[in-house]
Amino acid sequence: MITEDQTAILEFLNAPSTHGGDGVERIDTHASVVFLAGDRALKLKRAVWYDYLDFSTAERRRTLCEAEVRLNRRTAPTLYRGVIAVTREADGSLALGGAGRPADWLVEMNRFPQEALFDRLATAGNLDLTLMPPLAEAVAALHLSAEHRVDHGGRAGMAWVLEGNAAGLGEFGRPWLDGAVACRIVEDSKRELERRAALLERRRASGFVRQCHGDLHLRNIVLLDGQPTLFDGVEFSDAISCTDVFYDLSFLLMDLWRRRLPRHANTVWNYYLTATGDLEGVPLLPLFLSCRAAVRAKTTATAAHLQDDVLRRGELHALAREYLAMADRLLHPPPPALVAVGGRSGAGKSTVAAGLAPFVGAVPGAVVLRSDAIRKRLCGVPLSEPLGAEGYSPSMSERVYAVLAEQASLTLRAGHGVVVDAVYGRAGDRAAIERVAAAVAAPFIGLWLEAPEAVRIARAGQRRHDPSDADAAVIGRQEATDAGDIRWCRIDASPAAAVVLSRATERVENELHAAFSGYHNATRPALAPVRSR
């Protein structure tokens, strides 16, 4: 495991004199040690070899330092300065970038406040929900521009992950992790892998395996200049970083969910889907999420093995057990359900839909299908750009509702919950979306939000950066149209949004409890999301 003695280099980097007298803060992980001093951070790769990581020689570490800078400049160009050597001088002393022979290599970065890391923000309760849309867009931008790698991923790529998890949990998990649970996760994951093998191969062949981040959890995201910035992506293994884009995203979703931030996870999930349109990968999510939690259990157990502090080692063992239990539960998601939120424009449908979604179906909650977003996409315009009258013609509206039904059916058949957000002012459209649920024997819950016209007009006027184009004139025309016999659950939407959402949530929770009470009582309590910021 440990291939070289780096004690002298660690002591050198930990000394204030190395950094012009500045105080030094040291951060240890199982793969590297980071030294924070002054305005920069220096990252030393540990001289170690694991089944998934090879930092065994100084030359290997140099190559991977250069790769780390190159790959991470894709998402954090201002953060990475370059690579610098620790040199052994003629007198035997060590120096940073000196004239002597290189003894080891460092990644040099601009320092940022540790409080700006997303894991620190989450722990402090300061990870604002409004940061999730730009975070999702940053991830989507990386994935959409990343190099395609058909030589990795697919069934073989995930089989390699499962083998690594089994080996790592077996080596470092004993006696702290439940061996029976670990074995069950491995065997259940193998079965799920074979069930999804064809889809994995199809996605690999069609370009969904790319040079991704590879380690996309909250500690590797920082708020720089007000923007979520991805950094510290995997450079040491193409087998890890060259993966299905959904597997890359799954690490972030799993991390948010574990921290009891279901609204955050669901917001990232839905904004990512809006940016990429990638619904094909939805059936893979339980396997991907479970594997990510199992990877985290393995690496946390490994970190505990390297930890000298007894108290910290115990904390890491407890965390590894938590990840392992989560991996077990994520592999067995609840059945899907379809919730339709209808009502005239300005009633607050989108707010209710977004609020309900984290609590419907499998982690990280339901896919939200919004008619306004689909209409803009069909017309080929950005979400914030207003449409002309042609965008609201009867024929276009028919297409919009047809796509809503089609995508809802696709998502339900993939085993994932759906929340549909649309006016549903015509009885035929309401009947059509109900048939989608009936066709796959999924529970259907229809909510009809209603509020006075003046309230709805006022709300529409307050919208900013929203896909909806509804204004007073549109609301007036809707008011004059007969919606027919409304059989969905009517909810008074005139109070404050929190009150309306509470009423809608109560209705949906009661319906889902009645439909899935046995499943939820036996399996889901420990994963049931709490309402968060």
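Since this is a predicted model, take the numbers as computed values, not measurements.

Novice: In this structure, what is going on with the overall build of the chain? I would like to understand it.
Specialist: For the chain, the count of helices and strands is 19 helices and 17 strands. Its C-alpha atoms give the chain a radius of gyration of 26 Å, near enough to 24 Å, the size a compact globule of 533 residues would have. For the chain, the C-alpha atoms occupy an extent of roughly 90 × 45 × 45 Å along the three principal directions. Considering the chain as a whole, with its 533 residues, one finds that 54% of them fall into the buried category. Of the contacts formed within the chain by residues at least 6 apart in sequence, a portion of 73% connects residues at least 24 apart. When the accessible surface of the chain is totalled, it reaches about 22300 Å², and 53% of it is carbon and sulfur. Of the charged side chains in the chain, 63 are positive and 65 negative; the average position of the first set lies 4 Å away from that of the second.

Novice: Just to check I follow, could you spell out helix H6 (residues 179-195) for this structure?
Specialist: Side chains three or four residues apart in an α-helix point the same way, a direct result of the helix having 3.6 residues per turn. Taking 1.5 Å per residue as the helical rise, H6 with its 17 residues ought to reach 24 Å, and the 25 Å between its terminal C-alpha atoms agrees with that figure. Looking only at H6, the buried set comprises Val-181, Ala-182, Ile-185, Val-186, Asp-188, Ser-189, Glu-192 and Leu-193. The inward-facing, buried residues of H6 contact helix H5 (154-172), helix H7 (197-205), helix H11 (285-306) and helix H12 (310-330). A side-chain oxygen of the first residue of H6 lies 2.9 Å from the backbone nitrogen of Ala-180; this N-cap is Asp-178.

Novice: How should I be thinking about the nonpolar core in this particular structure?
Specialist: For soluble globular proteins, the rule of thumb is that nonpolar side chains tend to be buried together. Ranked by internal contacts, the top residues of the largest apolar core, which has 92 residues, are Leu-127 and Leu-338. One finds Val-352, Ala-357, Val-419 and Leu-501 within the second-largest nonpolar core, a separate group that totals 24 residues.

Novice: Help me out: how do you make sense of the sheet that holds strand S7 (residues 94-96) in this one?
Specialist: Across a sheet, strands are paired by hydrogen bonds formed along the backbone, either parallel or antiparallel in direction. Judged by pairing direction, the sheet is antiparallel, and its six strands sit side by side in the order S1-S2-S3-S8-S6-S7 without closing on themselves. Sheet topology places strand S1 (25-28) and S7 at the edges, where each strand pairs with a single neighbour. For this sheet, the mean angle separating the axes of adjacent strands, direction not counted, is 25°. With eight bridges joining them, strand S6 (residues 80-88) and strand S8 (residues 101-110) adopt antiparallel strand pairing. Note on S8: the bridge partner recorded for Arg-88 is Arg-101. With respect to the sheet, helix H1 (residues 7-14) is in contact with S1, strand S2 (32-37), strand S3 (40-45), S6, S7 and S8, its orientation differing from that of S7 by roughly 55°. Contacts from helix H2 (residues 58-72) reach S3, S6 and S8, with the element oriented near 20° to S8.

Novice: How do you make sense of the pairing of S8 when you look at a structure like this?
Specialist: Note on strand geometry: in a regular strand, side chains alternate between the two faces of the sheet. Judged from the five bridges that link them, S3 and S8 form a sheet pairing that is antiparallel. Residue pairing across strands places Ala-41 opposite Met-109, the latter belonging to S8.

Rules used in this analysis
Residues numbered from 1 in each chain as written. Predicted model: local features only at pLDDT ≥ 70, side-chain atom pairs only at ≥ 80, totals over all residues. Heavy atoms only, no water. Helix = DSSP H or I, 4+ residues; strand = E, 2+ residues; numbered from the N terminus. Rg over C-alpha atoms; globule rule 2.2 N^0.38 Å. Buried < 20%, exposed > 50% of the residue type's maximum accessible area, 1.4 Å probe, protein only. Contact = heavy atoms within 4.5 Å. Areas by Shrake-Rupley, 256 points an atom, 1.4 Å probe, with all protein chains shown as cover. Lys, Arg positive; Asp, Glu negative; His and termini not counted. Charge placed at Lys NZ, Arg CZ, Asp CG, Glu CD. Expected span 1.5 Å × (residues − 1). Polar contact = N/O pair within 3.5 Å; in protein donor to acceptor, adjacent residues only side chain to side chain. Core = buried A, V, L, I, M, F, W, Y, C linked by side-chain atoms within 4.5 Å. Pairing = 2+ DSSP bridges. Axes fitted to C-alpha atoms, helices over the stretch in contact; angles between N-to-C directions.

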